[in-house]
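A structural walkthrough
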Amino acid sequence: MAAAVVTAASTSQLATARVLDFALDGTTLTLHDRHNVRQGCTNHPVPAWAQAFLRAAAFTHLLATAERSSRLFADPLGARGLPSLRDFAEHLRIRPSQPRLR
């Protein structure tokens, strides 16, 4: 959620981030252009309030998988039935309801 707020990126672009794309000092997050829409990768500054959340995600991956190349926003613990990012944001009332795509 913090990465979505900080970067204003789509969920498909957020899915490109790997653990190693989050800077060791926590100040930047690199997102990749899987479909070549933006013509390259983008480094996003991470404000202090979001660094703790992204560090928690990165360290959870490292502890669970021991791999820096795993996707940062995939669930390394294999939980089932988690809501989508959009649904979670709407439930918290931090994103207005959107019409469903057909």
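Above this text you will find the structure in question.
Conventions used here
Residues numbered from 1 in each chain as written. Predicted model: local features only at pLDDT ≥ 70, side-chain atom pairs only at ≥ 80, totals over all residues. Heavy atoms only, no water. Core = buried A, V, L, I, M, F, W, Y, C linked by side-chain atoms within 4.5 Å. Buried < 20%, exposed > 50% of the residue type's maximum accessible area, 1.4 Å probe, protein only. Helix = DSSP H or I, 4+ residues; strand = E, 2+ residues; numbered from the N terminus. Contact = heavy atoms within 4.5 Å. Salt bridge = Lys/Arg side-chain N within 4 Å of Asp/Glu carboxyl O. Polar contact = N/O pair within 3.5 Å; in protein donor to acceptor, adjacent residues only side chain to side chain. Expected span 1.5 Å × (residues − 1).

**Remarks on the nonpolar core**
Counting 15 residues, the largest nonpolar core has Phe22, Leu29, Leu31, Val46, Leu54 and Leu72 as its most contacted members. The set of elements that each furnish at least two residues to this core consists of helix H1 (2-7), strand E1 (28-31) and helix H3 (48-65). Tallying contributions element by element places H3 first for this core, with four residues. Among residues more than four places away in sequence, those in contact with Leu54 are Ala3, Phe22, Leu29, Val46 and Phe73.

**Things to note about the pattern of salt bridges**
Counting across every chain of the model gives one salt bridge. Here Arg18 and Asp21 are joined by a salt bridge, their closest N and O atoms 3.2 Å apart.

**Quick word on the side chain of His32**
Mapped onto the elements, His32 comes out in the loop between E1 and strand E2 (42-45). Within polar-contact distance, the side chain of His32 engages the side chain of Asp21 at 2.8 Å. Apart from the residues within four sequence positions on either side, His32 is in contact with Gln13, Thr16, Arg18, Asp21 and Cys41.

**Brief notes about H3**
A rise of 1.5 Å per residue sets the reference length of H3, with its 18 residues, at 26 Å; its end C-alpha atoms lie 26 Å apart and thus fit the reference within 8%. Close packing links the buried residues of H3 with H1 and E1. Looking one or two residues past H3, Ala66 carries a phi angle of roughly 60 degrees, positive in sign.

**A look at the side chain of His44**
Looking at the element boundaries, His44 is found in strand E2. Note on His44: relative accessible area 13%, which makes it buried. Apart from the residues within four sequence positions on either side, His44 is in contact with Thr7, Thr27, Thr28, Leu29 and Leu31.

**Some remarks on unusual backbone geometry**
Phi is positive for Ala66, which is not a glycine, with a value near 60 degrees. Secondary-structure assignment places Ala66 in the loop between H3 and helix H4 (85-91).

**With respect to the environment of Gly26**
Here Gly26 shows up in the loop between helix H2 (11-14) and E1. Take Gly26: its relative accessible area is 0%, and that puts it in the buried class. Distance in space between the C-alpha atoms of Gly26 and Leu54 is 7.7 Å, their sequence separation being 28 residues. Residues within four places of Gly26 in sequence aside, it is in contact with Val46, Gln51 and Arg55.

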